[in-house]
Amino acid sequence: IAIEGSEFIMDVNTVIMSLGTSPNPLIPLTTEGLDINKRKCIIAEDETGLTSKKNVYAGGDAVSGAATVILAMEAGKKAAKAIDEMLTK
């Protein structure tokens, strides 16, 4: 429902759009060594997002299927932490 006067402009450098409710069907077809489950979701470690492919991390709907933005954000934070730890070792 549109609320008149509620729109605003934000000055930003980068915008990352995250949309979808299922994994891109091209991912398993084009990414050799990436394990997927029967629902065609990427298999990744819960705590890090690390996949079966070296140095590849995944989270959000590509791993869980349709879920909330909050869960996707949590997966992104966990993956970012794991990536940082991997790069700084």
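Note that this is a predicted model, so its numbers are computed, not measured.

Visitor: Would you mind going over the overall build of the chain with me for this structure?
Guide: Within the chain, the secondary structure is distributed over three helices and zero strands. Seen in sequence order, the chain has helices and strands lined up from the N terminus as α-α-α. Against the compact-globule benchmark of 12 Å for 89 residues, the chain has a radius of gyration of 16 Å, which places it well outside the compact range. The burial tally for the chain puts 17% of its 89 residues in the buried class. Summarising the internal contacts of the chain: among those between residues at least 6 apart in sequence, 28% fall at separations of at least 24. Between the mean site of the 9 positive side-chain charges and the mean site of the 12 negative ones, the chain shows a separation of 10 Å.

Visitor: Looking at this structure, I do not really get a nonpolar patch on the surface. What am I missing?
Guide: Taken together, Phe8, Met10, Val12, Val15 and Met17 make up a surface patch of nonpolar side chains, about 620 Å² in accessible area. The exposed category is assigned to Met17, whose relative accessible area is 67%.

Visitor: Help me out: how do you make sense of unusual backbone geometry in this one?
Guide: Glycine aside, residues mostly have negative phi angles, and peptide bonds mostly take the trans form. With a phi close to 70 degrees, Lys40 is a non-glycine residue in the positive phi region. Note that Lys40 resides in the loop between helix 1 (26–30) and helix 2 (61–64).

Visitor: Just checking my understanding: could you explain the pattern of salt bridges for this structure?
Guide: Two side chains of opposite charge can pair, provided their charged atoms sit close to one another. Per the counting criterion, the structure on display carries three salt bridges. A salt bridge links Glu47 to Lys78; its shortest N-O distance comes to 3.6 Å. With Glu47 in the loop between helix 1 and helix 2 and Lys78 in helix 3 (residues 69–88), this residue pair connects regions lying 31 residues apart in the sequence. Glu74 is the partner of Lys78 in a salt bridge, and the nearest nitrogen-oxygen pair spans 3.7 Å. Placement of both Lys78 and Glu74 in helix 3 is noted, with a separation of four residues, approximately one turn of the helix.

Visitor: Sorry if this is basic, but what is going on with the confidence of the model for the chain here?
Guide: Do not read the fine detail of predicted coordinates wherever pLDDT is low. Mean pLDDT over the chain: 89, with 97% of residues reaching 70 or higher. Taken element by element, the predicted model of the chain shows its lowest mean pLDDT in helix 1 (85) and its highest in helix 3 (93).

Visitor: Just to check I follow, could you spell out the environment of Glu4 for this structure?
Guide: Among the structural elements, Glu4 can be located in the segment before helix 1. Its relative accessible area of 82% is what places Glu4 among the exposed residues. Distance from Glu4 to Ala67, taken between C-alpha atoms, is 30 Å for residues 63 residues apart in sequence.

What counts as what
Residues numbered from 1 in each chain as written. Predicted model: local features only at pLDDT ≥ 70, side-chain atom pairs only at ≥ 80, totals over all residues. Heavy atoms only, no water. Helix = DSSP H or I, 4+ residues; strand = E, 2+ residues; numbered from the N terminus. Rg over C-alpha atoms; globule rule 2.2 N^0.38 Å. Buried < 20%, exposed > 50% of the residue type's maximum accessible area, 1.4 Å probe, protein only. Contact = heavy atoms within 4.5 Å. Lys, Arg positive; Asp, Glu negative; His and termini not counted. Charge placed at Lys NZ, Arg CZ, Asp CG, Glu CD. Patch = residues over 30% accessible without salt bridge, like charges linked within 9 Å, V, L, I, M, F, W, Y side chains within 5 Å. Areas by Shrake-Rupley, 256 points an atom, 1.4 Å probe, with all protein chains shown as cover. Salt bridge = Lys/Arg side-chain N within 4 Å of Asp/Glu carboxyl O. pLDDT = per-residue confidence, 0-100.

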